[in-house]
Structures are given as C-alpha cells and as structure tokens.
Amino acid sequence: MPPSTPPPGALDGRRIRAAIVGLGAIGRGSHLTALRQLTAEGETEVVAAVDIDATAVEAFCAESGVPHGYTDLERMLAEQRPDLVTICTPPTLHREQSVTALRAGAWVWCEKPPMPTLADYDAVEAEEGEAAGPYASIVFQHRFGSGTRHVRALLAGQALGRPLVAHCQTTWYRDTAYYAVPWRGRWETEGGGPAMGHGIHQMDLLLDLLGPWSEVRAMAGRLVHDVETEDVSTALVRFESGAMATVVNSVLSPDEVSRIRIDCERATVELTHLYGHANADWRITPAPDVPDDTVAAWRDFGADVPSSHLAQLRELVASMRAGQRPRSSGADGRTSLELIAALYKSAFTDATVRRGEIGPGDPYYTAMHGGAAGWAPAATASDTVADTSTGAGTGTSMGVVPGAGATEAGVPA
C-alpha cells in the first residue's frame, strides 16, 4: 500500500478532496456536475483542476470556483494531496496518470476506455493498495441507476428464468469532421474504433447483467472512414451460463440507438436509449403464461434514478469511506476490456477466442491491433509488439491534451 494512503476510517467526518484532470467536455460537464452535487450534500469538495493548457485551467477555475489550477499533475498531487482524482483525458494518458495518482495515495476514477491495452490495465491494477485502497475505478455509469439495479436483481435471482439469447447494439453516427480530431481513429491514441470507444458501455452493461463470457467470434471492417481502426464490428458471444449474444458496434448508422435485449425463459427484458437511460427506457415482456401480479412486480422499478456519473460517484464515495474495493475496478473493471481485446483478436485472426486466452506474450495483450497486417499502423505491422506490462512512468510530464477527453452521456463520444 502506498505510504500516503489514509487508514480505514480516515475519511469519516470530512469531505473527500477531489481533483479533476483534463478539462474537456467530460471533465467540465459530467464530472464537475456530479462532484458539485455531492459537494452540495456535504460529501466532496473540488480542490484542484489540471490541464496542460494554462489558459483553460485559469478559465475553468474562475468559472467553477475551484481554488487551485495546475498544468503539472505531480505538483498538484504533492501540494493538494487529494483523496480522489478523476481522469478525463484521452485513453493513451490513462495508464501514466492513474499510476501517478495511485502512487500519491489518491483513489482514481478514470473515464472509459479504461486503458489502451490489457497490459496497461494490469500495470495500473498492480499499483493499487492491498487492503483498503487506493483503488482505480473505471467510469461505466450505465451499470448504475435504478433500472440496471432492478433488472440485475431479477436476472441474478432467475425470476425471469434462465437468460438464453441476447442482443447488444451500439449503432451511432460519426462523420468525417469527427475524425478530423488528430487523436481519433488511431490505435495509439484512441485504443480502438467503435468497439473500444463507443460500444464499450453497452458491452460492459451486458456483461454486468449476464455474468462471465466464455468465447467470442467476430468480424470488423473499415467501410466508410479513412482511419487506422475499424468503423464497424460484429460479434457472437457465448456466456458461461450457456446464453448466446450478438454484438454490433457502428459509427455508420444515421438512426442512432443503444440497445440491449435479453430473452429469458419467462420474459424478454429490453433497454432502448442513446447516451443514458431511466426506468422508462426499460421494457419487460412476459411469456403468455406468467400471472399478472408477477408481471406487475417485475415492472415495478421503484423510484427513478437514471444512469449517470452521479449515480456511480455516489457508490464510489461510499466505497472510499468504507475502505472497500468499488465496483468497476480490478477484475470487475477489466472484463469488458478483455472482451474487446478478444473481439479484435478474433476479427483479425479469423478464429474463436476464449476468455483468459490473452495474456503476457500474446500480441493482443500489448496492442489491440495485435500487429495484424492491414490493421496495425504501418510502422508496427511487421514488428514484434513489446510487452509494456511493467515499468509504467511516474508522470514527470503532465501530458494532458488541451480540451480533449472521453465524452459521454449527452456529450457524444
């Protein structure tokens, strides 16, 4: 455990000191908004903001009332000693910044995609505390809220019968101007295409509802955009339970929708939305022989708590105060990233990939493109991809891309 980690209970009776790293749309919007709400409730206080753009930092602090602005992450950590660092920068920076924050004793809440590779993710997890933290949690806000909680309970208790067939769909639309941003559509800076940067939320939610997957068979293509990564992918996924699912990720779809459908023995449960969901976005259709009172109980979702950064942050703060590993961290936060790595490996090798297959020594462990001809950047397509699972930098340079960052929930990615 890092020496600066507060002991369990050290956060009792005081506000959690938070810092925002990366002041693009997601930092300014979803993260600051969630932190402000918890500040109003006496739970948190935003003590610092960090971005490589000094002008942006100054303006952000003046507008939001954040007392301290920095262009250097390590200096901020040393001077302000926050309990929580929220990372809102592009994926290529997540590993270094997460490791730097953890080593300073701060918990981390990092935007998706978690890291560009499984090797990067494992390097961050290796820096976590052993007992009461600090831990690094990933922003997967679609798992949180009343709708997901209710459906998860129904499925876990098999009230709807065994899950049998599922569909997971993220069909969005992104034009040429979207990919004019230099870091988009590139393996090194974005980590992948729509499977990694867009569909990851619905795939993560599907895994959260159905449990461990066992194998995947996939295809990927570049049908429209002149990019390194794919712009569409499809996959067939088998779960350990025996359930089977189709997965579609696209940025070529003018009629945009995010959808999950799960057919169980006694009912179909379906979620249809775009960038976030509420109780009304869920629908449960019973089999003909299910009694009306049973159906009414299934459809009673209780008070509406929409999926949001706030819903996840509330739970994260509670975990911090309890000194417990939060959901969407460790193995739980890794599961969707592993599925995406397996999806790419299957698509680029034309083979079925099984869970647990991709580890050190596998080219897809250190690069989502796996060095595959026709997919890897020209400079690396014929090279052996190095294993970077150890020796992460300490973040001597801040490296935040000005105004950049993952974008989410009403701020399209």
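Residues numbered from 1 in each chain as written. Predicted model: local features only at pLDDT ≥ 70, side-chain atom pairs only at ≥ 80, totals over all residues. Heavy atoms only, no water.

Draft legend 1. Representation of the packing of aromatic side chains within the structure. Per the stated rule, a full pass over the model turns up seven aromatic pairs. Relative to tyrosine 344, the ring of tryptophan 187 has its centre 5.2 Å away and its plane inclined at 80 degrees; by these criteria the two rings are edge-to-face. Residue tryptophan 187 is located in helix H7 (residues 187-190), and its partner tyrosine 344 is located in helix H12 (residues 330-349); the two are separated by 157 residues in the primary sequence. On the basis of relative accessibility, which here comes to 0%, the residue tyrosine 344 falls in the buried class. Lying across the ring of tyrosine 178, arginine 184 places its NZ or CZ 3.9 Å from the centre. The ring of tryptophan 375 carries arginine 222 above its face, with NZ or CZ at 4.1 Å from the centroid. (Phe/Tyr/Trp six-rings, centres within 6.5 Å; stacked < 30°, edge-to-face > 60°. Helix = DSSP H or I, 4+ residues; strand = E, 2+ residues; numbered from the N terminus. Buried < 20%, exposed > 50% of the residue type's maximum accessible area, 1.4 Å probe, protein only. Lys NZ or Arg CZ within 6 Å of the ring centre and 35° of its normal.)

Draft legend 2. Local environment of the side chain of threonine 117. Secondary-structure assignment places threonine 117 in the loop between strand S5 (107-110) and helix H5 (118-125). From its side chain, threonine 117 meets the backbone nitrogen of alanine 119 in a polar contact 3.4 Å long. A distance of 3.0 Å separates polar atoms of two side chains, one belonging to threonine 117 and the other to aspartate 120. (Polar contact = N/O pair within 3.5 Å; in protein donor to acceptor, adjacent residues only side chain to side chain.)

Draft legend 3. Expanded view of the side chain of histidine 225. Assignment of secondary structure puts histidine 225 in the loop between strand S8 (213-221) and strand S9 (232-239). On the accessibility criterion, histidine 225 (10% relative accessible area) is buried. In terms of polar contacts, histidine 225 uses its side chain to reach the backbone carbonyl oxygen of arginine 174, at 2.8 Å. When near neighbours in sequence (up to four residues on either side) are disregarded, histidine 225 contacts Arg174, Asp175, Thr176, Tyr179, Asp231, Val251 and Leu252. (Contact = heavy atoms within 4.5 Å.)

Nothing here speaks to function; it is all geometry.
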